[in-house]
Amino acid sequence: MKIPGYFIVMGFLFSASIHGGLIYYFLSMRNNPVENQFYPSSILVPVKILKKENPPEKPVLKEEKPKPVMKKETKTVPVSHRRNLSEKPSKAENVKPVFGVTKQTVMNAKGAGMGVRIGNTVMKEQEEAYTPPEKVKEYVSVPVPVPVPVFELTTMPVFKKKVKPEYPEELKEEELEGEVALSITIDEKGKVTEVTVIRADHILFAEAAVKAIKASIFEPATKNNEPVSTILDDLVYTFVLDE
């Protein structure tokens, strides 16, 4: 069977193109080999992964309820302590305090059936001797003035009459010396009303110092040009033998 010349030519050309393509491929790989290409070395880069922190929680504010307004209590004065302002009050030092409720208390009390003793104050013990109601006078207690602290004074108290303590004979014979520190309360008239021994080297020194300070008289302390009572701490008496 004869093959037409056309097919022979076409086959030859097809085979030549395939072989030519393979030859070109191998030649191109030879000119650009893979092993001749430059690849830089790898570098390890440390990476720190930050932990995501939760945002701080906002404090929950509690709603404060408004505090209830406290009403001021009005204290009622007992009938036994009331005084008729139209009458001129008696001086406290001239009136004898008598235990018992006042006549106004009995007169203003509702109902009956309770026996009470007529007097002018219940701030004392009941006396044994009975005082008839018609002899009971109105009694007004005088408040004791509170001593003013030294740092609030305008002027300090000073000696008006200073009594020197006597040296105890027993301690003088023994040739003992020492000192005494006192705390004294001076009233608005300059009189020493209270004495407290803070320290003393001997009890006889203390007795002599207390006796001397009680006999002394002061110019009273003042506050805003008014005489006031105050307390002097650490008033020292020194007992020294004469050479």
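Position numbers for residues start from 1 in each chain and track the written sequence from start to end. Restriction of local features to residues with pLDDT of at least 70 applies here, the model being predicted, together with a cutoff of 80 or more for giving and counting side-chain atom pairs; totals for whole chains, interfaces and linings are based on all residues. Only heavy atoms go into the side-chain values, all of them from the structure, while hydrogens and water stay out.

Describe the overall build of the protein, listing the residues and the values that go with them.
Helices and strands together make up the secondary structure of the protein, namely four helices and seven strands. Relative accessibility thresholds used throughout: buried, under 20% of the residue-type maximum; exposed, over 50%; partly exposed, between the two (1.4 Å probe, protein chains only). Counting every position in the protein, which comprises 243 residues, the buried fraction comes to 21%. Across the protein, the fraction of contacts at a sequence separation of at least 24, relative to all contacts at a separation of at least 6, is 67%. Method for areas: the Shrake-Rupley scheme with a 1.4 Å probe, in which residue coverage is limited to the protein chains shown. Total accessible area on the protein is roughly 21600 Å²; 58% of this is exposed by carbon and sulfur atoms. Numbering of helices and strands runs from the N terminus, with a helix taken as a DSSP run of H or I at least four residues long and a strand as a DSSP run of E at least two residues long. For this analysis, residues touch if any pair of their heavy atoms sits within 4.5 Å.

Go over the pattern of salt bridges with me, naming the residues and quoting the values.
Every case where a carboxyl oxygen of Asp or Glu lies within 4 Å of a side-chain nitrogen of Lys or Arg is listed as a salt bridge. The full count for this structure, using the stated rule, is three salt bridges. Glu152 is the partner of Lys223 in a salt bridge, and the nearest nitrogen-oxygen pair spans 3.2 Å. In this pair, Lys223 sits in strand S5 (residues 221-223) while Glu152 sits in the loop between helix H2 (103-108) and strand S1 (158-161), placing the two residues 71 residues apart along the sequence. Among the residues examined, Lys223 registers a relative accessible area of 30% and is labelled partly exposed. Glu152 sits in the partly exposed class, given a relative accessible area of 34%. A salt bridge links Arg199 to Glu179; the nearest nitrogen and oxygen atoms lie 3.8 Å apart. Here Arg199 is found in strand S3 (residues 192-200), whereas its partner Glu179 is found in strand S2 (residues 178-186), with 20 residues between them in sequence.

Break down the packing of aromatic side chains for me, with residues and values.
Whether two aromatic rings pair depends on their centres lying within 6.5 Å, for rings of Phe, Tyr and Trp, where Trp uses its six-membered ring; planes under 30 degrees apart make the pair stacked, over 60 edge-to-face, and the rest tilted. Per the counting criterion, the structure on display carries four aromatic pairs. Pairing Tyr167 with Phe239 gives two aromatic rings, centres 5.8 Å apart and planes at 85°, and the pair type is edge-to-face. Pair noted here: Tyr167 is in the loop between S1 and helix H3 (169-173) and Phe239 is in strand S7 (residues 230-239), with a separation of 72 residues, a long-range link. Members of the aromatic cluster, each reached through a chain of ring pairs, are Tyr167, Phe205 and Phe239.

Describe in detail the confidence of the model for the protein, supporting the description with residues and values.
A residue's pLDDT is simply how confident the predictor is in it, with values from 0 to 100. Residues of the protein with pLDDT of at least 70 account for 59%, and the chain-wide mean is 76. By mean pLDDT, H2 is the weakest element of the protein at 59, and strand S4 (residues 217-219) is the strongest at 95. The low-confidence segment residues 79-92 (pLDDT under 50) makes 16 contacts with residues lying over four places distant or belonging to another chain.

Could you give an account of the sheet that holds S2, with specific residues and numbers?
At least two DSSP bridges between two strands are needed for those strands to be called paired. Taken together, the three strands give an open sheet; going across it, the order is S3-S2-S7, and neighbouring strands pair in antiparallel fashion. A strand with exactly one partner marks an edge of an open sheet, and here the two such strands are S3 and S7. Across the sheet, the axes of successive neighbouring strands diverge by a mean angle of 25°, strand direction being ignored. Throughout, an axis means a line fitted to C-alpha atoms (over the contacting stretch in the case of helices), and angles, computed between N-to-C directions, take values from 0 to 180 degrees. Set on the sheet, helix H4 (residues 203-215) makes contact with S2, S3 and S7; between it and S2 the angle comes to about 35°.

Any details on the nonpolar core? Residues and values, ideally.
As used here, the term nonpolar core means buried Ala, Val, Leu, Ile, Met, Phe, Trp, Tyr and Cys residues forming a set that is joined through side-chain atoms within 4.5 Å. Formed by 18 residues in total, the largest nonpolar core has its most connected members in Val180, Leu182, Ile184, Ile213, Tyr237 and Phe239. Put simply, the parts of the chain that give this core at least two residues each are S2, H4 and S7. Sorting elements by how many residues they give to this core places H4 first, with six residues. Discounting chain neighbours no more than four positions away, the residues touching Ile184 are Val192, Glu194, Val195, Ile213, Phe218, Thr230, Ile231, Leu232 and Leu235.

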